[in-house]
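# A structural walkthrough
Here's the letter readout for the chains.
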Amino acid sequence: MDVYEAVDSRRAVRAFSGEPVPRDVLERVLAAATRAPSSGNLQPWHVYVVTGEPLAELKRRATARALAGDRGDEREYPMYPAELTSPYLDRFSAAAAQRYEALGIERDDPARPVKIAALNSEAFGAPVVLFCYLDRMMGPGQWGDAGMYLQTVMLLLRAEGLHSCPQVMWTMYRETVSEMVGADAGLVLFCGISVGFEKKGVPRLRTGRAEMAETVSFIGA
């Protein structure tokens, strides 16, 4: 798979099969991803790879919290700006409508928040979840580095025939996650990434993207 194909085929998959992911594949991906860009070569990320019974237990605990209507732990960073305006709000709303329709959750369903949280806490059936942490001393530049690192991981997973789904949702249950993985109090949970083989027979959701001209300006060419 070339780079263009990996980029084009990468999407947030929300239905995984139960097929295990070989450890050697995960090690190969994560070893190659160390070459991701890193300003000053700080490599500020720390990743916990959780699978097997530890992941099953984490899913049980998080799902129990979700089904109980637990609003989650106090956020350590905002998922989105408090006041989104056009065109960002338009893109967000359109993608959300597509996503929940594909998951079979009606927009006006009063139980919608609980159902969404429960699906997320099950990692959509993924057999592996990568939890990415950063040291609390790090700033916006290093958070940007972590994003480039995780994109590199997700593209390499495509090269191995695997899919992924980045989930900032896990920060809602960051205390539960940290207890399970043993993360030091000096680390902040950035997000989780569910990893696995896509479940067959499930409708594939591919959200739209803005035209390049909306986000790119050529100057001097």
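For every chain, the first residue of its written sequence is number 1, and the numbers climb from 1 along that sequence. With the structure being a predicted model, the display of local features is reserved for residues of pLDDT at least 70 and the display and counting of side-chain atom pairs for 80 or more, all residues being used for whole-chain, interface and lining totals. With hydrogens and water stripped out, all remaining heavy atoms of the structure feed into the side-chain values.

In terms of helices and strands, the protein carries eight helices and four strands. By principal-axis analysis of the C-alpha atoms, the protein measures approximately 55 × 40 × 35 Å. Taking all 221 residues of the protein together, the buried fraction comes to 41%. Here a residue-residue contact requires only that any non-hydrogen atoms of the pair lie within 4.5 Å. When contacts within the protein are restricted to residue pairs at least 6 apart in sequence, long-range pairs at least 24 apart make up 86% of them. A 1.4 Å probe and the Shrake-Rupley method give the accessible areas. Residues count as covered only by the protein chains that appear here. Summed over all atoms, the accessible surface of the protein reaches about 12800 Å², with 55% contributed by carbon and sulfur. Within this scheme the basic residues Lys and Arg register as positive and the acidic residues Asp and Glu register as negative, but His and the chain ends are omitted. Charged groups are reduced to one reference atom each: NZ for lysine, CZ for arginine, CG for aspartic acid, CD for glutamic acid. On the protein, the mean spot of the 25 positive side-chain charges and the mean spot of the 28 negative ones are 3 Å from each other. Helical segments are the DSSP runs of H or I of at least four residues, strand segments are the runs of E of at least two, and each set is numbered from the N terminus. For every residue, the accessible area (1.4 Å probe, protein chains only) is compared with the maximum for its type, and the residue is labelled buried under 20%, exposed over 50%, or partly exposed between those bounds.

Roughly 2000 Å³ of internal volume is contained in the largest pocket. Breaking the lining of the largest pocket down by element, the ones donating at least two residues are α1 (3-9), α4 (88-102), α5 (112-121), α6 (140-159) and β3 (163-167). Ranked by the residues each element gives to the lining of the largest pocket, the list is headed by α4, at ten residues. Note on residue classes: Ala, Val, Leu, Ile, Met, Phe, Trp, Tyr, Cys and Pro are nonpolar, Asp, Glu, Lys and Arg are charged, and everything else, Gly too, is polar. Partitioning the lining of the largest pocket into residue classes produces 28 nonpolar, eight polar and 13 charged. Points on a 1 Å grid, built from protein atoms alone, make a cavity when a 1.4 Å probe fits but cannot get out and make a pocket when they are open with protein on both sides within 12 Å along at least 5 of 7 lines; residues with an atom within 4 Å of a point are the lining residues. Grid points are joined across faces, edges and corners, and a volume is the space filled by probe spheres set on the points.

The next thing to look at is the side chain of R65. Positionally, R65 belongs in helix α3 (residues 52-67). Here the side chain of R65 touches D73 through a polar contact of 2.9 Å, side chain to side chain. Apart from residues lying up to four places away in sequence, R65 is in contact with D70, G72, D73, M172, Y173 and T176. Any pair of N or O atoms that falls within 3.5 Å is considered a polar contact. Within protein, one atom must be able to donate a hydrogen and the other to accept it, and sequence-neighbouring residues count only if both atoms are side-chain atoms.

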